[in-house]
There are 2 protein chains.
Amino acid sequence: MKNSMLPTLAAGAALATSFSALADKTDAGAIQHVLSAYETALNARDTDTIVSLYADDGVFMPQHSLPQVGRDNIRTAYDGVFMAITLDIDFQIDEIEQLSEDWAFARTRSAGAVRINATGDTGPEANQELFLFQRTEGGKWKIARYIFSTTNPPRG
Amino acid sequence: MKNSMLPTLAAGAALATSFSALADKTDAGAIQHVLSAYETALNARDTDTIVSLYADDGVFMPQHSLPQVGRDNIRTAYDGVFMAITLDIDFQIDEIEQLSEDWAFARTRSAGAVRINATGDTGPEANQELFLFQRTEGGKWKIARYIFSTTNPPRG
């Protein structure tokens, strides 16, 4: 940094604020990027990418299933989902909030269509989601806990 | 504090650690207490108590419903649930983790019976839950976000 660029004390404080705002923005952006990658991989039935978005000790809590703890179980669970159904859904972010240096959550909703692979039948799909994100050792935000539930009415 | 009790520097460091451990323990205990109060109130169809366990801007994400934001909407949602069903369930805590001074999460499962009030029919109930807790201004831990989903297989 050049001397002429050294901030005065007051300017330094402003700079600290803007760095902090930038960090916040970057973290929210990074988390949004993970959500976007998740959406794309879900619609593409791309288990490998999805598993890579989870933390090693992440937990996936799919409806109609017990919690799936750790990447091996998460992989098996998504393979099962993608055997059964094909999704075509969009996510909407209701909120992203950083809780600490290394933790954040996102609350989302998703809607679109689901096709039952065995029958080819297609129907409407609508869910709400809560994601917990953890910044892992490499500095990357990963999905640490994830649960969703349908927002559609119960079937007859 | 009596002078004779004043710690040396080394003892002070040990003391700080034990205070910190105590605080952690107390926070986990306080959160466990909220979970226990939630379980009791849910089984008692006690909307007032449940609403008091939520943060003012808390979000309740019940299955088959859009997210309910804020205490008024949360109250209406639980009143609706308790009109429809009577629960008799026990919660099991899989993990409680504090994420920062003022944020924590709990991952739980619950199981027991549900009675449909309109018909008197009773069936098995089993869910998984993710709670986000926030320490509010009064220092009390409140439910900030809460979502559950059934772990039972889909109905026929």
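For clarity, every value in this text was computed on a predicted model and none was experimentally measured.

Enquirer: How do you make sense of the interface of chain A and chain B when you look at a structure like this?
Expert: A common measure of how large an interface is: the accessible area buried when the components associate. Contact with chain A, which involves 26 residues of that partner, is made by 26 residues of chain B. The residue inventory of the side of chain A that touches chain B, partitioned by class, reads 13 nonpolar, nine polar and four charged.

Enquirer: Would you take a moment to explain the relation of the copies chain A and chain B for this structure?
Expert: A rotation about some axis, followed by a shift along it, carries one copy of the chain onto the other. Its rotation angle being 180°, the transformation that places chain A on chain B also includes 0.0 Å of axial translation and leaves an RMSD of 0.0 Å. Those values place the two copies in the arrangement expected of a two-fold rotation axis. Comparing contact sets, 100% of the residues at the interface of chain A also lie at the interface in chain B, consistent with an isologous, same-surface contact.

Enquirer: What's the story with helix H3 (residues 71-84) of chain A in this structure? I'm lost.
Expert: One turn of an α-helix holds 3.6 residues; hence residues three or four places apart share an orientation. Residue and element names in this part refer to chain A. Along its 14 residues, H3 runs 20 Å from first to last C-alpha, staying within 8% of the 20 Å computed at 1.5 Å per residue. Buried within H3 we find Ile74, Ala77 and Tyr78. Buried residues of H3, viewed axially, fall in a sector of 95°; they line one side. Seen from the open side of H3, the exposed residues pointing more than 90 degrees away from its buried face are Asp72 and Met83.

Enquirer: How do you make sense of the pairing of strand E3 (residues 85-98) of chain B when you look at a structure like this?
Expert: Working note: regular strand, side chains alternate between the two faces of the sheet. Residue and element names in this part refer to chain B. Here E3 runs beside strand E4 (residues 103-116); their pairing, made up of 13 bridges, is antiparallel. Looking across to E4, one finds that Asp88 is bridged to Ala113. Hairpin connection, E3 to E4: the antiparallel pair is bridged by four residues.

Enquirer: Looking at this structure, I do not really get the nonpolar core. What am I missing?
Expert: One broad trend across soluble globular proteins is that nonpolar side chains are buried collectively. A:Phe105, A:Phe133, B:Phe105 and B:Phe133 are the most contacted members of the largest nonpolar core, which totals 62 residues. Beyond its immediate sequence surroundings of up to four residues, B:Phe133 is in contact with B:Ile31, B:Val34, B:Ala104, B:Phe105, B:Ala106, B:Trp141, B:Lys142, B:Ile143 and B:Ala144.

Enquirer: In this structure, what is going on with the sheet that holds strand E5 (residues 122-135) of chain B? I would like to understand it.
Expert: Across a sheet, strands are paired by hydrogen bonds formed along the backbone, either parallel or antiparallel in direction. Residue and element names in this part refer to chain B. Taken in spatial order, the six strands make up an open sheet running E2-E1-E6-E5-E4-E3, and their pairing is mixed. Whereas interior strands pair on both sides, the edge strands pair on one side only; in this sheet they are strand E2 (68-69) and E3. Contacts between helix H3 (residues 71-84) and the sheet are confined to strand E1 (54-61), E2 and E3, with E1 contributing the most and set at about 45° to the helix.

Enquirer: Just to check I follow, could you spell out the pairing of strand E3 (residues 85-100) of chain A for this structure?
Expert: Residue and element names in this part refer to chain A. Bridge count between E3 and strand E4 (residues 103-116): 14 bridges; the pairing is antiparallel. Paired with Ile89 across the two strands is Gly112, which belongs to E4. Hairpin connection of E3 to E4: two residues between the antiparallel strands.

Enquirer: What is the right way to look at the sheet that holds strand E1 (residues 54-61) of chain A in this model?
Expert: Residue and element names in this part refer to chain A. Pairing is mixed in the open sheet, where six strands are placed in the order E2-E1-E6-E5-E4-E3. The open sheet has two edge strands, strand E2 (68-69) and E3, and neither has a second partner. When E1 meets E2, the two strands line up antiparallel, connected through two bridges. Bridge pairing in E2 places Val59 opposite Val69. Most of the contacts of H3 go to E1, to which it runs at about 45°, and overall it touches E1, E2 and E3.

Enquirer: Honestly, unusual backbone geometry in this entry has me stumped. Any pointers?
Expert: Generally, phi is negative for residues other than glycine and the peptide bonds are trans, each holding for most cases. Notably, A:His64 is not glycine yet its phi reads approximately 70°, a positive angle. Among the structural elements, A:His64 can be located in the loop between E1 and E2. Owing to 12 C-beta atoms within 10 Å, A:His64 belongs among the exposed residues under this scheme. The backbone of B:Arg45 shows a phi angle near 55°, a positive value even though the residue is not glycine. A tally of 16 C-beta atoms within 10 Å means that B:Arg45 is categorised as partly exposed.

Enquirer: Please explain the confidence of the model for chain A as it appears in this structure.
Expert: When pLDDT is low, close inspection of the predicted coordinates is not appropriate. All names here are of chain A. In this model, chain A carries a mean pLDDT of 88, and residues with pLDDT of at least 70 account for 83%. Counting interchain partners and residues more than four positions distant, the pLDDT-below-50 stretch residues 1-17 has three contacts. At the level of chain-chain contacts, confidence expressed as ipTM amounts to 0.84, with global pTM at 0.85.

Reading the values: rules and limits
Residues numbered from 1 in each chain as written. Chains lettered and ligands numbered in written order. Predicted model: local features only at pLDDT ≥ 70, side-chain atom pairs only at ≥ 80, totals over all residues. Contact = placed C-beta atoms within 7 Å. Nonpolar A, V, L, I, M, F, W, Y, C, P; charged D, E, K, R; others polar. Least-squares fit on C-alpha atoms with pLDDT ≥ 70 in both. Helix = DSSP H or I, 4+ residues; strand = E, 2+ residues; numbered from the N terminus. Expected span 1.5 Å × (residues − 1). Buried ≥ 20, exposed ≤ 12 C-beta atoms within 10 Å, placed from the backbone. Arc of directions from axis to C-beta. Pairing = 2+ DSSP bridges. Core = buried A, V, L, I, M, F, W, Y, C linked by C-beta atoms within 7 Å. Axes fitted to C-alpha atoms, helices over the stretch in contact; angles between N-to-C directions. pLDDT = per-residue confidence, 0-100.

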